[in-house]
Number of protein chains: 2
Amino acid sequence: MAKKSFKLENINDIKEFFDSYDTFIFDCDGVIWRANNLIKGVKEALTLMKKNNKRTIFVTNNSTKSREEYFKKFSSLNLPVDINDIFSSAYSTAYYLGKVINFPKDKRVYVIGTKGLIKEIEDAGVNAFGYEDNITEPFVNEEEIFKSIKPDDSVGAVVVGFDMKINYKKYAKAYTYINHNPECLFLVTNSDITYPVQNSVLPEAGSVVAPLIAIANKEPIFLGKPTANMINCISQKFNLDLKRTCMVGDRLDTDMVFGKNNNITTLLVLTGVTSEETLMNQNEIIPDYYIEGLNSFNQII
Amino acid sequence: MAKKSFKLENINDIKEFFDSYDTFIFDCDGVIWRANNLIKGVKEALTLMKKNNKRTIFVTNNSTKSREEYFKKFSSLNLPVDINDIFSSAYSTAYYLGKVINFPKDKRVYVIGTKGLIKEIEDAGVNAFGYEDNITEPFVNEEEIFKSIKPDDSVGAVVVGFDMKINYKKYAKAYTYINHNPECLFLVTNSDITYPVQNSVLPEAGSVVAPLIAIANKEPIFLGKPTANMINCISQKFNLDLKRTCMVGDRLDTDMVFGKNNNITTLLVLTGVTSEETLMNQNEIIPDYYIEGLNSFNQII
């Protein structure tokens, strides 16, 4: 018989679970909030965790905002969160460059992405450029591309994140750096191909980068969930004991896979996109535990 | 023993070959010209073919120019070519919409591509739009995208060709039309992922369209070489006897595959990228015949 998720509902089970972990890594949407609305009991549950010296870490694959911008959202909801608890795919990318691989000080990173992403990379002590390619008029012409885009050995990495100002010149530059310099890394903040908007979805970083993946002569390195790189960055930064770390999320195919791929205990909450019925009617992804929501922890206060 | 290409060098073999075909389909670069330089003997060979009532058709996967623009290049080289002999992937796309599938008169096509591509589609009696999305300032913002991009049942097809003015709004619109309207076709002028420039290559239509392929809920239909759609359009337009039609090109992996995939006799010329040595040292793609160049036909005058 296949393994089943264990439901945390009994107060003793919840308490035992709570005592078994030092660190909780949270996905935000569907766990902490839904769009801009705080989910019931979350503030109290996070306060309980802080009081019990649990480390709480908030992860998001959104690469467009710096942690500072993201922190404002937590502050506006009066949540007991420190800016250092936030781990976005932008920050993960910056941390990977600055701390994990010690990106050389004399090299530069060409960034396709937002100001927020560039800021995170620069804050990690890494030279970044690319924002100036949000060119407008005169748009771009073939001759300009031929003349201006040249291989450049000083470019040690290309980073691609979500970018609504994507254009041909950026693709052409990124491609030239990646393919003409064998040392040049090819990093992508996150592999998500769409993100939700009202009644639809729009292209995310994973599809914005698709032209480069098609023509690059090397494999891209993805940094966000569900990659091992994301968990390695988090683990290195906070010096975590991964045996006492739990990934908490509402999505089977991202959050739970993220935990499972990286051998971390997984806890599914039912306050987001996955219902108990959906969980039960599939057997591809089996979280270790599931719970109604973070509010359930408050019964152990 | 594997089949080998037959080399046309003996005058009798060349004459017999010449008499066996009514139509020659030519790739241009490496066969007719190299960049802007006419290859030796080509003008005379084409004149010989015309005199002998051979049909000569010139195919290119370049989707950026209308046939008129392309025709100017032939004229500037004093070649005996009629505008109707030119078959670009832009024209092939237009012909497919207008003649092969009889695209409805009350529907519209959203085009990501150049003016030349839009002109070809309009000339085929098909309503096209999209050029107005080469927006400059104010660039684009999320709110504008949410508000302005809506599913639209009047859009019966999205066409993507090479486009140096590609931007996020175009991807978002194309995606919305393709995914929200089950009837909406998804056409791509050609599948080439790069095109050559000085000392390098740059992204072509096949990579420009990659974000849409990543997120579309249907398979794209490609129109250029080496697809059957291209040969079907050519065949329908000229009412060809494909048994008496020969594909002439310099590239094994595109031109020769194009002929082979579509059961047309293939003739490789050695005036382009493939040398006799390269041809002999591989056994993946075996053209039916090969010849030094079009100039070799002139010995039968």
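Residue positions within a chain follow its written sequence, with the count starting from 1. Key to labels: chains lettered from A, ligands numbered from 1, both in the order written. Local features in this predicted model are restricted to residues of pLDDT 70 or higher, and side-chain atom pairs are both shown and tallied only at a pLDDT of 80 or more, whereas totals for entire chains, interfaces and linings draw on every residue. Note: side-chain values were computed over all heavy atoms of the structure, leaving out hydrogens and water.

Within an unreviewed UniProt entry, the label attached to chain A reads 4-nitrophenylphosphatase, and the organism entered is Anaeromyces robustus. UniProt positions are given in the numbering used here, feature names are shortened, and annotations may be inferred rather than shown by experiment. As stated in UniProt under Catalytic activity (unreviewed entry), the record for chain A gives "4-nitrophenyl phosphate + H2O = 4-nitrophenol + phosphate + H(+)".

(A) The arrangement of the packing of aromatic side chains in detail. Here a Phe, Tyr or Trp ring, Trp counted by its six-membered ring, pairs with any other such ring whose centre lies within 6.5 Å, and the pair is stacked when the planes are under 30 degrees apart, edge-to-face when over 60, and tilted otherwise. In the structure shown here, the tally under the stated rule is 48 aromatic pairs over all chains. Ring geometry for Phe26 of chain B against Phe58 of chain B: centres 5.4 Å apart, planes inclined by 20°, an arrangement best described as stacked. Separated by 32 residues along the polypeptide, Phe26 of chain B in strand 2 (residues 23-27) and Phe58 of chain B in strand 5 (residues 55-60) bring together distant segments of the chain. Across the pair, Phe58 of chain B and Phe26 of chain B agree in class, each one buried. An aromatic cluster is present here, built from Phe6, Phe17, Phe18, Tyr21, Phe24, Phe26, Trp33, Phe58, Tyr70, Phe74, Tyr289 and Phe297 of chain A joined pairwise through their rings. Directly above the ring of Phe129 of chain A sits Arg108 of chain A, whose terminal nitrogen or CZ lies 4.0 Å from the centroid. Where helices and strands are cited, they refer to DSSP runs of H or I of at least four residues and of E of at least two residues respectively, numbered from the N terminus. Relative accessibility decides the category of a residue: with a 1.4 Å probe and only protein chains considered, values under 20% of the type maximum give buried, values over 50% give exposed, and everything between is partly exposed. Whether a charge lies above a ring is judged from NZ of Lys or CZ of Arg, which has to be within 6 Å of the ring centre and within 35 degrees of the ring normal.

(B) Just the UniProt feature "binding site: substrate" (unreviewed entry) in chain A, in detail. Residues and elements named next belong to chain A. In the numbering used here, UniProt assigns the feature "binding site: substrate" (unreviewed entry) to Lys225. Residue contacts follow a heavy-atom distance rule, with two residues in contact if any of their heavy atoms lie within 4.5 Å. Sequence-distant contacts of Lys225, that is, excluding residues within four places in its chain, are made with Asp27, Val59, Asn61, Ser191, Met230, Asp255 and Phe258. Distance and chemistry together define a polar contact, namely a pair of N or O atoms within 3.5 Å, with one atom able to donate a hydrogen and the other to accept it when in protein, and with adjacent residues in sequence counting only for side-chain atoms on both sides. Reaching out from Lys225, the side chain makes a polar contact with the side chain of Asp27 at a distance of 3.0 Å.

(C) Fine view of helix 7 (residues 168-180) of chain A. Residues and elements named next belong to chain A. Expected span of a helix: the number of residues minus one, times 1.5 Å. The end-to-end C-alpha distance of helix 7 is 18 Å, a good match for the 18 Å that 13 residues give at a rise of 1.5 Å each. Among the 13 residues in helix 7, 12 count as buried, and that is most of the element. Considered for burial, the residues of helix 7 that qualify are Tyr168, Lys169, Lys170, Tyr171, Ala172, Lys173, Ala174, Tyr175, Thr176, Tyr177, Ile178 and Asn179. Measuring from the side-chain oxygen of the N-cap residue of helix 7 to the backbone nitrogen of Lys169 gives 3.1 Å; that N-cap residue is Asn167.

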